[in-house]
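Spelled out, the chains give:
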Amino acid sequence: SHRSDILTINNEDNATSQLFDYRDSHPDAQLLTISTGQPVYVSDTNSLDTNLLSNSFLIDSIFHAVNARIPAREVFPKGTGGFGYFEVTNNVTKYTKAKLFEQIGKQTPVVARVATSQILSGGNDLRTLAARGLSVKFYTEEGNLDLLGIGTPVYFYRDPLLFRELFHALSRNPKTDVTDPTASMDFIILNPIALHTFLWAFSDFGLPRGYRHLNSFPIHTFQLYNKDGESSFVRFKFLSSLGYKSFSLKEAAAISGFDTDFFNRDFYNAIEQKKYPTWNLEMDVWLGCIDQTDFDLFDPTRIWPNGTYETVPIGRVVLNQTVTNHFAQIEQAAFNPVNLVPGIRHPPGKLFQIRVLAYTLAQRNRLGVNSDKIEVNCPLYANNYNRDGQPPIGENGEDAPSYYPNSFNGPEPYDDPARPKKDLVIKEESVVHLEDSRRFYNEVLCDTQKQRLVDLMAMTFIRVNGTLQERFIELLQKVDSDLAKRYRRTLERLNRTINLPDLVEEVNPLNPNPFQ
Ligand code: HEM
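The rules behind each value
Within each chain, residue numbers correspond to sequence positions counted from 1 in written order. In view of the model being predicted, local features appear only for residues whose pLDDT reaches at least 70, and side-chain atom pairs are presented and counted only at 80 or more, with totals across whole chains, interfaces and linings using the full set of residues. In computing side-chain values, all of the structure's heavy atoms are included and hydrogens and water are not. When we say a residue is near a molecule or strand, we mean one of its heavy atoms is within 4 Å of it. Whenever two N or O atoms come within 3.5 Å, that pair is a polar contact, provided that in protein one can donate a hydrogen and the other can accept it, and provided that, for residues adjacent in sequence, both atoms are side-chain atoms. Comment: elements are numbered from the N terminus, with helices defined as DSSP H or I runs of at least four residues and strands as E runs of at least two. Definition used in this section: a nonpolar core is a set of buried Ala, Val, Leu, Ile, Met, Phe, Trp, Tyr and Cys residues joined via side-chain atoms within 4.5 Å. Only protein chains enter the accessibility calculation, which uses a 1.4 Å probe; a residue is then buried when its area is under 20% of its type maximum, exposed when over 50%, and partly exposed in between. Domains are outlined according to an automatic or database domain assignment. Contact definition: two residues touch when any of their heavy atoms are within 4.5 Å. Think of it as the arc spanned by the lines of direction from the helix axis to the C-beta atoms. Pairing of aromatic side chains requires ring centres within 6.5 Å, counting the rings of Phe and Tyr and the six-membered ring of Trp. Pairs whose planes differ by under 30 degrees are stacked, by over 60 edge-to-face, and all others tilted. For a ring to carry a charge above it, either NZ of a lysine or CZ of an arginine must fall within 6 Å of the ring centroid while also lying within 35 degrees of the normal to the ring plane. Each metal's donors comprise the N, O and S atoms found within 2.8 Å of it (within 3.2 Å for Na, K or Ca). Water is not part of the atom list, so some coordination spheres may appear incomplete.

Draft legend 1. Local environment of the site of the ligand. Close to the ligand lie 24 residues, the nearest being Arg73, Arg113, Tyr359, Gln363 and Arg366. Within the side chain of Gln363, one N or O atom sits 3.0 Å away from an oxygen atom of the ligand. The set of elements that each furnish at least two residues to the shell around the ligand consists of β4 (143-150) and α9 (350-367). No other element matches the eight residues that α9 contributes to the shell around the ligand.

Following this line, the structure appears as structure tokens:
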């Protein structure tokens, strides 16, 4: 056993004892070499006594260590993940011909990443007002299927022009480099369409008790088609098998005080303890005819009204394996919403269209032109005319023809009579439906949940100037007068009772020269 013989430690966890696990499975140390394979001479492991340039161990280690970073993901930079499988539990072949769904009991291997927006590596997993996501890459026999989801069933906007604006408004102020509630509040006031999603994020739904509890929504309305070419319009959702549970602000503050990696740790420990994170994959299927409805079922800022859809279970994702190397398998994972398989068409709308471009471009920058050849991203089968580029290049097509079409048996496309002939074109309008926010506040939240939402909102914005607060309250008033009143009351109460500078105690200065 790797447990200490001397002290009994009650708080030891799997993440902290991972190195002991390694030693247990590797009883003997192996030969140390430098990157190019030469064995390291023992006296080179202390550089003080050696000629610097002839110590290749020193040169190899320093030159590698100072170049070990690649760009982080622009959004959702900090996260973790694992491997596992997807298993079909319900027959959905009447909706889609996708082979991964073809049979109850069929399993498909997956890699999944869970992550938090607005925090970089080293940041606080329990940060409030951050989006959290679960992305799953299914390695299917028809190519990779990537479903990226976030913790709210709605998205902030439908016009992708707002991507940069929201991202900047929630990020650090360009002068102060401090996250800026003034900018966040101003963004909401000027873009009330985002309020609905913000209310979800400020509520208990914004802060799960760890990634295992997160529900995840891929947001868009996807067009499925079956083998006879019949289409359905669906919204997928991954629902935690543990049920959604949230942290209170008090718990979150206490935990983040000593463990900013709580979410990553909890996720790792759970898998190692065989409490496998599991999500049931379901879809809401739109019941009516899509061109005979007043409701825009493709609008990502809105939830489908009751009675317009039925919920159909599909299967479950079980993550039963931790990664062997975070950087190789999670940092280098490239989830891209464009990765869909036959039986699932691209969702219509500008938001999805810009994502098609944005992820591919971002991953070129982060991982290079051959990101799909990095092991974790490799599909089960790929065969095409792309060649060369930055490593890894794999077999690089070997000696096969490198242009298409050709007369020499290079790979050929397939035909699918069932696939819809035309991409669906939809009309998107700039209307704001504040009734969605009203419905969320009044129909989803109970009284204590309403108060917790308002508490977090008031705490987040407690430093913001009164003029802006009045404009924000005006917007809340248009949604619901109880929400506006509650916010004003809570803000006033917190302002009376909390004086942020006072929270920092006066301490005695330390002697700068303690030995004199
Ligand atoms: C204008 C719209 C959007 C743009 C431009 C955008 C852009 C991006 C980019 C560039 C990344 C990093 C990709 C990488 O480097 O690997 C990313 C990650 C992500 N996005 Fe989006 N996004 C948009 C909308 C959405 C929506 C609607 C969702 C909701 C499902 C979403 C969910 C995610 C998730 C979960 C990740 C993290 C993926 C991972 O863990 O690797 N995004 N997004």
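Text resumes after the structure shown.
Draft legend 2. Quick peek at the nonpolar core. Among the nonpolar cores identified, the biggest contains 48 residues, and Phe198, Leu453, Met457, Phe461, Phe472, Leu483 and Tyr487 are the most heavily contacted of them. Those elements giving two or more residues to this core turn out to be α3 (162-170), α4 (181-190), α5 (195-202), α10 (434-444), α11 (447-461), α12 (466-479) and α13 (481-497). Built from parts of two domains, this core gets at least three residues from each of domain 1 (78-377) and domain 2 (445-498). Sequence-distant contacts of Tyr487, that is, excluding residues within four places in its chain, are made with Met185, Val454, Met457, Ala458, Phe461, Gln469, Phe472, Ile473 and Leu476. Within the second largest apolar cluster, 44 residues are counted, among which are Ala112, Leu126, Met283 and Phe352.

Draft legend 3. Fine view of α10. Those residues of α10 not exposed but buried are Leu434, Asp436, Ser437, Phe440 and Tyr441. On an axial view of α10, the arc spanned by its buried residues comes to 160°, and they lie on one face. On its buried face, α10 is in contact with α5, α11, α12 and α13.

Draft legend 4. The side chain of Ser184, seen in detail. Position of Ser184 among the secondary structure elements: in helix α4. Each residue touching Ser184, except ones within four places of it in the same chain, is listed here: Ala169, Leu170 and Phe461.

Draft legend 5. Fine view of the packing of aromatic side chains. Per the stated rule, a full pass over the model turns up 23 aromatic pairs. An aromatic cluster of three or more residues is present, and its members are Tyr155, Phe156, Tyr157, Phe198, Phe202, Phe461, Phe472 and Tyr487. Taking the ring centre of Phe335 as reference, the NZ or CZ of Lys137 above it sits at 5.4 Å.

Draft legend 6. Up close: the coordination of the iron atom of the ligand. Of the protein atoms, Tyr359 (OH) alone serves as a donor to the iron atom of the ligand, at 1.7 Å. Checked against the element boundaries, Tyr359 lands in helix α9.

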